[in-house]
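Chain and residue survey
So you can see what is in the structure, the chains are spelled out below.
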Amino acid sequence: MIAASSSDDVGRAAAALVAEGNPAVVGVATGSSPITAYRELVRHRSLCDDVQLWLLDEYVGLPARHPCRYRSVIIEQLARPLGLPDHQVHGPDVDAADLDDAAERYEEDLRRLGGVDVQILGIGRNGHIGFNEPGTPFGSRAHAGVLTETTRADNARFFRDLDDVPHRMITQGLGTIAAARRIVLIASGPTKRDAITTLLTCPPTTDLPASALLDHPDVTIIGDQAALAGVLDHSTLVEHT
Ligand code: GLP
């Protein structure tokens, strides 16, 4: 665990771990948590020109260039600022008629590419990672599914209003995520405190999807003071420069 004293420090610590070893395939999450890490990766141009960015999850039902499509977000926040072509940003085919088949193909394409070297993750208030909601089996692979109302409500801030938030998605499964060689999970803000406290103090359970990662040999949780408040002795806070 890395405890950072500000969201900029969270970003610096995460970016350093992500760039280490010059990864060929980086698994990318969206949401507010990774934004400062992406800013750092761009500022130091830390990723190689032929890096492949592999989306963690994607909404179903938004038009191709909708700004809330996760592929659009990653192109805007990371790929274009790094000078990477759009075709190096890979997402599941959420426009397919058969979403289960699209999810299987997404899993297969990742296997063919050699898997994810480093996976960046946020965490939902209910402990979800990607769009793997509580109850998702730990070994699950990429799949299509329905969002919980909690997650739709949490994500409504990125849309005009709640009605615009899609109901369906395709996500990497918990088993897919756990197969990444390195995992960097970023948690910022007080709304993540309960999930992080449970994650770091209780045995793994499918009620808290992120706990599927507790056995992973190379997982780092990077949080700010608010997110780690339930598990942290504040004297251990460190700054990353
Ligand atoms: C969404 C994304 C997740 C992300 C979570 C937390 O549901 N699908 O991948 O981790 O939100 O987002 P935030 O970092 O904005 O709190």
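Residues numbered from 1 in each chain as written. Predicted model: local features only at pLDDT ≥ 70, side-chain atom pairs only at ≥ 80, totals over all residues. Heavy atoms only, no water.

Remarks on the site of the ligand
Put simply, the test is: Here a residue counts as near a molecule or strand whenever at least one of its heavy atoms sits within 4 Å of it. Pairs of N or O atoms within 3.5 Å make up the polar contacts considered here, provided that, within protein, one atom can donate a hydrogen while the other can accept it, and that residues adjacent in sequence are counted only when both atoms are side-chain atoms. Under this grouping Gly is polar, as are all residues other than the nonpolar Ala, Val, Leu, Ile, Met, Phe, Trp, Tyr, Cys and Pro and the charged Asp, Glu, Lys and Arg.
Near the ligand lie 15 residues; those nearest to it are Ser-32, Ser-33, Asp-57, Arg-157 and Lys-192. A distance of 2.7 Å is found between an oxygen atom of the ligand and a backbone nitrogen or oxygen belonging to Ser-32. Within the contact set of the ligand, an oxygen atom lies 2.9 Å away from a side-chain nitrogen or oxygen of His-128. Along the lines of polarity and charge, the residues of the shell around the ligand split into four nonpolar, eight polar and three charged.

Quick word on a nonpolar patch on the surface
Short version of the rule: Each patch groups residues whose relative accessible area exceeds 30% and which form no salt bridge, using 9 Å between like charges and 5 Å between nonpolar side chains of Val, Leu, Ile, Met, Phe, Trp and Tyr. Residue burial considers only the protein chains on display, and all accessible areas are found by Shrake-Rupley using a 1.4 Å probe. Salt-bridge detection follows one rule: a side-chain nitrogen of Lys or Arg within 4 Å of a carboxyl oxygen of Asp or Glu. Going along the chain from the N terminus, every DSSP run of H or I of four or more residues is numbered as a helix, and every run of E of two or more is numbered as a strand.
Side chains of Met-1, Leu-200 and Leu-214 sit close together on the surface and give an oily, nonpolar patch of about 250 Å² of accessible area. Positionally, Met-1 belongs in the segment before strand E1 (2-3).

Points about the pattern of salt bridges
Note the cut-off: Using a 1.4 Å probe on the protein chains alone, a residue whose accessible area is under 20% of its type maximum counts as buried, one over 50% counts as exposed, and one in between counts as partly exposed.
A full pass over the atoms with the stated rule returns 17 salt bridges. Linking Arg-43 and Glu-40 is a salt bridge whose minimum nitrogen-to-oxygen distance equals 2.5 Å. Of this pair, Arg-43 and Glu-40 both sit in helix H2 (residues 35-43), three residues apart, which is roughly one turn of that helix. Using a relative accessible area of 55% as the deciding quantity, one classes Arg-43 as exposed. With its nearest N and O atoms 2.8 Å apart, the salt bridge here joins Arg-112 to Asp-109. Residue Arg-112 and its partner Asp-109 are both found in helix H4 (residues 99-113); the two are separated by three residues, about one turn of the helix. By relative accessible area, Asp-109 is classed as partly exposed at 34%. One salt-bridge network, in which partners are shared between bridges, spans Glu-108, Asp-109, Arg-111 and Arg-112.

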